[in-house]
Amino acid sequence: MTSDAKTVTDYLSQIPTEQKTSIEQLRKTIKKNLPEGFKEVMNYGMIGYVVPHSIYRDGYHCNPKLPLPFMALAAQKNFIAFYHMGIYADPQLLKWFTDSYVKLVPNKLDMGKSCLRFKKNSVIPYELIGELVQKMTTEDWINLYEKNYKKASKK
């Protein structure tokens, strides 16, 4: 689902009924566990969780006018997507998450580089998502981002 919503409230009002409860529960889980400093915004047509310019002035290297993205939540046509850049950038965090996931969830993990996809009848491990959200502070993310991405973009 591509959305032109300007606010999270508007975005939530556009989500199909069959996805709304899961999206709202995921959002509640994220917000409950979100380390201090991250800010919830609309970003790339999704609910985004970013490091604001007030904490990281440089912004996102692809477009410095944008805050540094970290996580996102979206209702897509056939699934719910949860993006977490930490599991893409940190192999140890990825291993922890995938190992924990298979112990808790009977469904096969449907995952891209940073995207977890939850299809219609998927079991969503809200508690595990909450733990994942807690694992990286804004300072941790900025350091990892600068080490892995910012340097690479300047080459």
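Everything discussed here concerns the structure shown above.
Note that the coordinates shown come from a computational prediction; the quantities given were computed from them, not determined experimentally. (Residues numbered from 1 in each chain as written. Predicted model: local features only at pLDDT ≥ 70, side-chain atom pairs only at ≥ 80, totals over all residues. Heavy atoms only, no water.)

Asks: Would you take a moment to explain the overall build of the protein for this structure?
Replies: In terms of helices and strands, the protein carries six helices and five strands. Against the globule reference of 15 Å for 155 residues, the protein gives a C-alpha radius of gyration of 15 Å, in line with a compact fold. Viewed in the frame of its principal axes, the protein has a C-alpha envelope of about 45 × 35 × 25 Å. Within the protein, buried positions represent 46% of all 155 residues. Taking contacts inside the protein between residues at least 6 apart in sequence as the whole, the part at least 24 apart equals 56%. Just so you have it, the protein exposes about 8900 Å², and 50% of that area is on carbon and sulfur atoms. Averaging the positions of the 23 positive and the 15 negative side-chain charges in the protein gives two centres separated by 5 Å. (Helix = DSSP H or I, 4+ residues; strand = E, 2+ residues; numbered from the N terminus. Rg over C-alpha atoms; globule rule 2.2 N^0.38 Å. Buried < 20%, exposed > 50% of the residue type's maximum accessible area, 1.4 Å probe, protein only. Contact = heavy atoms within 4.5 Å. Areas by Shrake-Rupley, 256 points an atom, 1.4 Å probe, with all protein chains shown as cover. Lys, Arg positive; Asp, Glu negative; His and termini not counted. Charge placed at Lys NZ, Arg CZ, Asp CG, Glu CD.)

Asks: How should I be thinking about the packing of aromatic side chains in this particular structure?
Replies: The relation between two aromatic rings is expressed through the spacing of the ring centres and the mutual angle of the planes. For the coordinates displayed, the defined rule picks out six aromatic pairs. Summarising the aromatic geometry, the rings of Phe 70 and Trp 141 are spaced 5.2 Å apart at their centres and angled 45 degrees between planes, so their arrangement reads as tilted. With Phe 70 in strand β3 (residues 68-75) and Trp 141 in helix α6 (residues 138-154), the pair connects residues that are 71 residues apart, well separated along the chain. Exposure class is identical for Phe 70 and Trp 141. Each is buried. (Phe/Tyr/Trp six-rings, centres within 6.5 Å; stacked < 30°, edge-to-face > 60°.)

Asks: What should I look at first to understand the packing of helix α2 (residues 17-33) against helix α5 (residues 126-134) in this one?
Replies: How two helices pack is summed up by the angle between their axes together with the distance between the axes. The interhelical angle for the contact between α2 and α5, taken along N-to-C directions, is 35 degrees, at an axis separation of 8 Å. Crossing handedness for the pair α2 and α5: right-handed. Here Ser 22, Gln 25, Leu 26, Thr 29, Ile 30 and Asn 33 of α2 come into contact with α5, specifically with Tyr 126, Ile 129, Gly 130, Val 133 and Gln 134. Of the residues belonging to the contact of α2 with α5, the class tally is five nonpolar, six polar and no charged. (Axes fitted to C-alpha atoms, helices over the stretch in contact; angles between N-to-C directions. Left-handed = near helix turned anticlockwise from the far one by under 90°. Nonpolar A, V, L, I, M, F, W, Y, C, P; charged D, E, K, R; others polar.)

Asks: Quick question: what am I supposed to make of the pattern of salt bridges here?
Replies: Counted under the stated rule, the structure contains five salt bridges. The shortest N-O distance in the salt bridge between Arg 117 and Asp 110 comes to 3.0 Å. Within this structure, Arg 27, Lys 31 and Glu 40 form a network of salt bridges that share partners. (Salt bridge = Lys/Arg side-chain N within 4 Å of Asp/Glu carboxyl O.)

Asks: Can you walk me through the layout of surface pockets in this structure?
Replies: Looking at the largest pocket, its volume works out to about 270 Å³. Counting residues per element, the ones that place at least two in the lining of the largest pocket are β2 (46-51), β3 and α6. For the lining of the largest pocket, the per-class residue count stands at twelve nonpolar, four polar and no charged. Here the second largest pocket defines a volume of roughly 210 Å³. Lining the second largest pocket are Glu 18, Gln 19, Ser 22, Lys 77, Asn 78, Phe 79, Ile 80, Phe 118, Lys 119, Lys 120, Ser 122 and Ile 124. Of all the elements in the fold, those that place two or more residues in the lining of the second largest pocket are α2, β4 (79-84) and β5 (115-119). (1 Å grid on protein atoms, 1.4 Å probe; cavity = no way out; pocket = protein on both sides within 12 Å on 5 of 7 lines; lining within 4 Å. Points joined across faces, edges and corners; volume = space filled by probe spheres on them.)

Asks: What should I look at first to understand the nonpolar core in this one?
Replies: In globular proteins that are soluble, nonpolar side chains generally tend to be buried together. In terms of nonpolar packing, the biggest core is built from 46 residues, with Phe 82 and Trp 141 touching the most fellow members. Considering each element in turn, this core owes the most residues, seven residues, to β3. Excluding residues within four positions of it along the chain, Phe 82 makes contact with Ile 30, Met 71, Ala 72, Ser 114, Cys 115, Leu 116, Phe 118, Ile 129, Leu 132 and Val 133. (Core = buried A, V, L, I, M, F, W, Y, C linked by side-chain atoms within 4.5 Å.)

Asks: Sorry if this is basic, but what is going on with the sheet that holds β3 here?
Replies: Either a parallel or an antiparallel arrangement is found when strands of a sheet pair, and the pairing is made through backbone hydrogen bonds. The strand order β1-β2-β3-β4-β5 describes an open sheet built from five strands, whose pairing is antiparallel. Bordering the open sheet on either side are β1 (39-43) and β5, each of which pairs with just one other strand. Each strand axis lies, on average, 25 degrees off the axis of its neighbour in the sheet, ignoring direction. Here β1 runs beside β2; their pairing, made up of five bridges, is antiparallel. (Pairing = 2+ DSSP bridges.)

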